[in-house]
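As a plain string of letters, each chain reads:
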Amino acid sequence: MGGMIMATRAALSEQRSFSVGRVLSRAFGTLGDNPLATFGIAFLFGSIPQFLYSYFIGSTLASADRASTIAAIAVSVASFVVFLLLSMLVQGALVRATLAHAQGERASFAQCIGTGLAKAVPLIGLTILLILGIMAGFTLFFIPGVILFLMWSVAAPALVAEDSGVFGAFSRSRFLTKGARWRIFGLQMLLLVLIWLVSAALGAIILASGMTPQGIATAALSLPYLLMSAVSNTLIIAFWSTVQASLYIDLRGWKDGPQAQDLADIFG
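Residues numbered from 1 in each chain as written. Predicted model: local features only at pLDDT ≥ 70, side-chain atom pairs only at ≥ 80, totals over all residues. Heavy atoms only, no water.

Draft legend 1. Broad picture of the nonpolar core. Ranked by internal contacts, the top residues of the largest apolar core, which has 55 residues, are F18, L126, V243, L247, Y248 and L251. Considering each element in turn, this core owes the most residues, ten residues, to helix α10 (residues 223-256). (Core = buried A, V, L, I, M, F, W, Y, C linked by side-chain atoms within 4.5 Å. Buried < 20%, exposed > 50% of the residue type's maximum accessible area, 1.4 Å probe, protein only. Helix = DSSP H or I, 4+ residues; strand = E, 2+ residues; numbered from the N terminus.)

Draft legend 2. Structural detail: the packing of aromatic side chains. Within this structure, the stated rule accounts for five aromatic pairs. Pairing W152 with F170 gives two aromatic rings, centres 4.8 Å apart and planes at 65°, and the pair type is edge-to-face. Residue W152 is located in the loop between α6 (143-151) and α7 (155-162), and its partner F170 is located in helix α8 (residues 166-177); the two are separated by 18 residues in the primary sequence. Like F170, W152 is buried. The ring of W254 carries the charged tip of R183 above its face, separated from the ring centre by 5.7 Å. The ring of F175 has K255 lying over it, and the distance from NZ or CZ to the ring centre is 4.6 Å. (Phe/Tyr/Trp six-rings, centres within 6.5 Å; stacked < 30°, edge-to-face > 60°. Lys NZ or Arg CZ within 6 Å of the ring centre and 35° of its normal.)

Draft legend 3. Main features of the packing of α7 against α8. Across the interface, α7 lies against α8 with an axial gap of 8 Å and an inter-helix angle of 120°. When the axes of α7 and α8 are compared, the pair comes out oblique. In terms of crossing hand, the pair formed by α7 and α8 is right-handed. Along the contact surface, α7 presents A155, A158, L159 and E162, while α8 presents V166, A169, F170, R172 and S173. (Axes fitted to C-alpha atoms, helices over the stretch in contact; angles between N-to-C directions. Parallel < 35°, antiparallel > 145°, perpendicular 65-115°, else oblique. Left-handed = near helix turned anticlockwise from the far one by under 90°. Contact = heavy atoms within 4.5 Å.)

Draft legend 4. Looking closely at the layout of surface pockets. Within this model, the largest pocket holds a volume of roughly 890 Å³. In terms of lining residues, the largest pocket is bounded by 30 residues, among which M88, Q91, T127, L130 and W240 are the most central. Secondary-structure elements contributing two or more residues to the lining of the largest pocket are α3 (35-63), α4 (69-102), α5 (109-139), α7, α9 (181-208) and α10. (1 Å grid on protein atoms, 1.4 Å probe; cavity = no way out; pocket = protein on both sides within 12 Å on 5 of 7 lines; lining within 4 Å. Points joined across faces, edges and corners; volume = space filled by probe spheres on them.)

Draft legend 5. Just α5, in detail. In the structure, α5 departs most strongly from a straight axis at A120, where the bend amounts to approximately 50° and where the proline P122 lies between one and four residues downstream. Backbone geometry just after α5 places F141 at a positive phi near 65°. (Bend = angle between axes of the 7 residues up to and from the residue.)

Draft legend 6. Local environment of the packing of α5 against α6. It is the contact of α5 with α6, at a shortest axis distance of 5 Å, that shows an interaxial angle of 150°. Comparing the axis directions of α5 and α6 gives the class roughly antiparallel. Two secondary-structure elements touch here, α5 through G133, I134, G137 and F138 and α6 through P144, G145, V146, L148 and F149. Broken down by class, the residue content of the contact of α5 with α6 amounts to six nonpolar, three polar and no charged. (Nonpolar A, V, L, I, M, F, W, Y, C, P; charged D, E, K, R; others polar.)

This is how it looks when you write it as structure tokens:
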């Protein structure tokens, strides 16, 4: 009996711990188990709009004369709004996919898109406030910006999963990350290194094969270059988003205990 009690306590302790390894394992598991929803959404609504926005802005501003510069800037702002909306759609959609995987289920492409559409506008508001807050923190000797970034690192997944509202998501993220921010800092640094390695590897392939374009403002971008850029952006967007969602799930389990809430209750 005593051994059973000790084993139960050990299991509960394991469930109520925070593990960077478990965060990464869950993220990779989500990507591998549901590649259509994760990589497909990242490609269609993240990678393609990102490239089109960058290309359009560069070519439009480069070719605009003085009379049309104001109009070009206005169009650029409108394009950025659309790009930001699509980026938030990706964030919300991949949170849905990661939550489903954590519960042993698989969210369909349509379910993920539906969640992304439903949460895109509040996620934009949250992102704008988050960026402004972190930028203000970075102006104060850098360290406050890092602290705010770590404190609010799971605000977006909290907004999607708990429907807490923008300000409630900030508060929830602050609670969930308290006591684990040094480890979260290590995780985010590891992500940056991995993303840099992927970008460097694909960049080396582009350079070695002579696919580097002469200028982003020209229409002479080669198809191989576009494909490599799309692959790089898709991998980065999908990986980063699922890791942030997985981080939220692990922190929630650590602070609140195992979750039994059904996905239908969350996204119904």
